[in-house]
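A closer look at the structure
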Amino acid sequence: MTDPYPVDASVTERLRRQRIRQTLTHLSRTGELPSLPGAANAALSLASSPDASIERVCELVETDVGLAARVLRLANSAAYARRAPARTVRDAVVALGLRKTCDVLVAACFRRLVAIPGDLAESLWSHALAVAIATDELTRVTKAITPGSGFLPGLFHDVGRIAFLLADPTSADVIQRLVDSGAGARADLEREWYGFDHAEAGAILAADWGLDATQAEAIRWHHDPLNAEGGRPLAVILSAADSIAYAIGYGTGVARPTMDGLDALGLSTEVEADCATRVQHAFAEHSELFA
Amino acid sequence: MRTVLTADRSTVVRAVVERHLERYGCRALEATNAEEALAGARDHQLDLMVVDAPVHAAAGRLSDPAYDAVPVILLTTDHPASEPDPDDPRIVATLRKPFDESSFDRAVGAILGEPSRNPAVPRAAQQGVVR
C-alpha cells in the first residue's frame, strides 16, 4: 500500500542535521561549532583543487614559521629524504608532494584544535593520527580508492568525538568511562545522551570543513562500513584503519572496534602485519613532528 | 549531608547527573523507574530529585506523600510528551537533555547552593543505589 503522506527523505535528513548542529552549538560554551584555523581551510581547498601549484602551497606554508619548520623536518626525515637535503620550503614541498604537504598543514592545525588538557584529548589526537596514517597506507595496499588520498578522512574520522569533548567535556568523559567499564557500546551511549552518535556528528563537521560528500559519508559509516553507499570503499578502509590503530596501541580505551573493515578487505595475515609495522614506524615519525 | 536521587532509565543520563553532583559534595542515589524512585523517597531523607519526565509522570500517578514532598528537577527532551505540567507544584526547574554544566548549576544551585570545586567526601563514599 502506498503511504498517503510520504515524508521526503531529504527533508528528514536536513532536519536531523539541523538538530545535531543545534545540540552541539547549545552545549558549546562559545555557542559555535568547532572550526579549523584559517591555514587549514586554505590547505584543504588546495588539497582538492586541480589548480594547486607549488608556489601557492609554499606561500601557505610560509605564513607560519612553525608549519614551515615541520614541513622541512618531515622532508628531511628518513621516509622522504633525498641525496641532497631540503634547505628551503620549496625543496621540502617538492620532496613531499603537494598532497602530503597539505596533509601536514591540516594535521598541524588540527593538533592545535585538540590541544586541550586531559588524557582523553591526547588519546583522541594519537588515535586520529594513527588512523590517518593507517588509512593512507591501506589506500596504497588495496588501491580500492586513489592511493595516498586517505590521510585527511582518517585524521577526521572521529571528529565527532572531538566535538563532544570540546562542547561537553564532562559527558564525554562519563561516556568514555562507561564504555571502558563495559556498560554499553559507545554509539548507543552517545545516542542515549545526545540523540545521535559521533559518526553522524563527525560526518557533518567533516563536510563543513571541506571534505567531499564521499569522504563525509565514509566517516558517517566508519563503524558500520557495509551500510555505507557511495562512500563504502573508504568506509571499509577507515574501519580497517581503526582496527589497526587499536592493534598497535593507539586506541582510545579498552573497548575495541569491530573487525568488519579488515574482514571486508580480506588481507592476508602477512600483508596486515607488514601494514601495521609500517604504520607504527610512520606514527613514531609523525607524532614527533606534531609534538 | 544532603541527598539527591536521580531517576532515569538511561545509564548515561544517571552517570552524567551524578558526575555533576560530585561538585556539590552530596550523597547521590539512583533509580531507573517510578517504583524505585518512590522507594528512594520513602527510605531516604531526600533534599532533591532529578527525574526523567516519563518516570515522574508514572510516579505521580502512584501518588505517594513521601515522593510528593521532595522538590523535583524534571529532565525533559524535545518530545512533546515530556513537556512539564505547569500546575505541578513539585517541579522547581526543568533541564532539557542533553544539558550543559551551567544549566545544571542554575537549576541545582537554586536548591543546593553553590557547588564546591573540591568535594570533601570521596566519590565512592557518596554514592548509593536505591534498587
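Residues numbered from 1 in each chain as written. Chains lettered and ligands numbered in written order. Predicted model: local features only at pLDDT ≥ 70, side-chain atom pairs only at ≥ 80, totals over all residues.

1. Details of the overall build of chain B
For chain B, the helix and strand inventory stands at six helices and five strands. Considering only intrachain contacts with a sequence separation of at least 6, the fraction spanning at least 24 residues in chain B is 58%. (Helix = DSSP H or I, 4+ residues; strand = E, 2+ residues; numbered from the N terminus. Contact = placed C-beta atoms within 7 Å.)

2. Brief notes about the overall build of chain A
When you go through chain A residue by residue, the secondary structure sums to 16 helices and zero strands. Each principal axis of the C-alpha distribution contributes one length, and for chain A these read about 70 × 45 × 45 Å. Evaluated residue by residue, chain A yields a buried proportion of 46% over its 291 residues. Looking at chain A alone, contacts between residues at least 24 apart form 61% of all its contacts between residues at least 6 apart. (Buried ≥ 20, exposed ≤ 12 C-beta atoms within 10 Å, placed from the backbone.)

3. Focus: unusual backbone geometry
The amide bond that connects K97(B) to the next residue, P98(B), takes the cis arrangement and shows omega of -5 degrees. Within the fold, P98(B) resides in the loop between β5 (91-96) and α5 (101-112). The phi dihedral of K143(A) falls on the positive side, at around 55 degrees, and the residue is not glycine. Within the secondary structure layout, K143(A) lies in the loop between α7 (119-142) and α8 (151-155). Residue K143(A) is classed as exposed on the basis of its 9 C-beta neighbours within 10 Å. Within the chain, S63(B) stands out as a residue other than glycine whose phi angle is a positive 40 degrees. By the secondary structure assignment, S63(B) is in the loop between α3 (53-62) and α4 (65-68).

4. As for helix α16 (residues 269-289) of chain A
Residue and element names in this part refer to chain A. Spanning 21 residues, α16 covers 30 Å between terminal C-alpha atoms, matching the ideal 30 Å at 1.5 Å per step. When α16 is considered as a whole, its buried residues turn out to be C275, V279, F283 and H286. Residues of α16 that are buried sit in contact with α7 and α14 (232-247). (Expected span 1.5 Å × (residues − 1).)

5. Remarks on the interface of chain B and chain A
The interface is formed by eleven residues belonging to chain B together with 14 residues belonging to chain A. Each residue belonging to the side of chain B that touches chain A can be placed in one class, and the counts come to five nonpolar, three polar and three charged. (Nonpolar A, V, L, I, M, F, W, Y, C, P; charged D, E, K, R; others polar.)

6. Quick look at the sheet that holds strand β1 (residues 3-7) of chain B
All names here are of chain B. Across the sheet, which stays open at both edges, the five strands sit in the order β2-β1-β3-β4-β5 with parallel pairing between neighbours. At either end of the open sheet lies a strand with only one pairing partner, and these are β2 (27-31) and β5. Here the strands of the sheet are splayed against their neighbours by 20 degrees on average, with no regard to which way each runs. Pairing analysis gives four bridges linking strand β3 (residues 48-52) to strand β4 (residues 72-76), with the strands arranged parallel. For M49, the partnering residue across the bridge sits in β4 and is V72. Packing against the sheet, α3 makes contact with β1, β3 and β4, and its axis sits at approximately 110 degrees to β3. Sitting on the sheet, α5 touches β3, β4 and β5, and the angle it makes with β5 is about 165 degrees. (Pairing = 2+ DSSP bridges. Axes fitted to C-alpha atoms, helices over the stretch in contact; angles between N-to-C directions.)

7. Description of the nonpolar core
Grouped together as the largest cluster of nonpolar side chains are 127 residues, with contacts concentrated most on A43(A), V71(A), L105(A), V106(A), L155(A), A37(B) and M49(B). Considering every element that reaches this core, the biggest residue donor is α7(A), with eleven residues. Counting residues domain by domain, this core receives three or more from each of domain 1 (33-115) and domain 2 (116-291) of chain A. Excluding residues within four positions of it along the chain, A43(A) makes contact with L60(A), C102(A), L105(A) and V106(A). (Core = buried A, V, L, I, M, F, W, Y, C linked by C-beta atoms within 7 Å. Domains from an automatic or database assignment.)

8. Observations regarding the domain arrangement of chain A
Residue and element names in this part refer to chain A. In terms of domains, chain A is made up of domain 1 (33-115) and domain 2 (116-291). Here the C-alpha centroids of domain 1 and domain 2 sit 22 Å apart. Residue assignment for the side of domain 1 that touches domain 2 shows that the elements contributing at least two residues are α2 (38-47), α4 (65-75) and α6 (98-114). For the side of domain 1 that touches domain 2, the element with the highest residue contribution is α6, accounting for eight residues.

9. A word on α6(A)
It helps to recall that an α-helix has 3.6 residues per turn; residues three or four apart then point in one direction. All names here are of chain A. Here α6 spans 24 Å end to end across 17 residues, near enough to the 24 Å set by a 1.5 Å rise per residue. The set of residues buried in α6 consists of K100, T101, C102, D103, V104, L105, V106, A107, A108, C109 and F110. Looking at the packing, one finds that the buried side of α6 touches α2, α3 (54-62), α4, α5 (89-96), α7 and α8.

10. Remarks on the confidence of the model for chain B
Predicted coordinates in regions of low pLDDT should not be interpreted in detail. Residues and elements named next belong to chain B. When pLDDT is averaged along chain B, the result is 88, and 89% of the positions lie at 70 or above. Within chain B, the lowest mean pLDDT, 42, falls on helix α6 (residues 123-126), and the highest, 98, falls on β1. Reported confidences for the modelled complex are a pTM of 0.89 and an ipTM of 0.87. (pLDDT = per-residue confidence, 0-100.)

11. Digging into the pairing of β4(B)
All names here are of chain B. The element β4 is extensively covered by neighbouring structure, given that four of its five residues are classed as buried. Of the strand pairs in this sheet, β4 and β5 are connected by five bridges, and their pairing is parallel. Opposite L75, over in β5, you have L95 as the bridge partner.

12. Side note on the packing of helix α9 (residues 159-167) of chain A against helix α12 (residues 198-208) of chain A
Residues and elements named next belong to chain A. Packing of α9 against α12 brings their axes to within 6 Å, and their N-to-C directions diverge by 95 degrees. In terms of orientation, α9 and α12 fall into the roughly perpendicular class. Counted together, V159, G160, R161, A163 and F164 of α9 and H198, A199, E200, A201, G202, L205 and A206 of α12 form the full contact between these two elements. Class assignment of the residues belonging to the contact of α9 with α12 gives a composition of seven nonpolar, three polar and two charged. (Parallel < 35°, antiparallel > 145°, perpendicular 65-115°, else oblique.)

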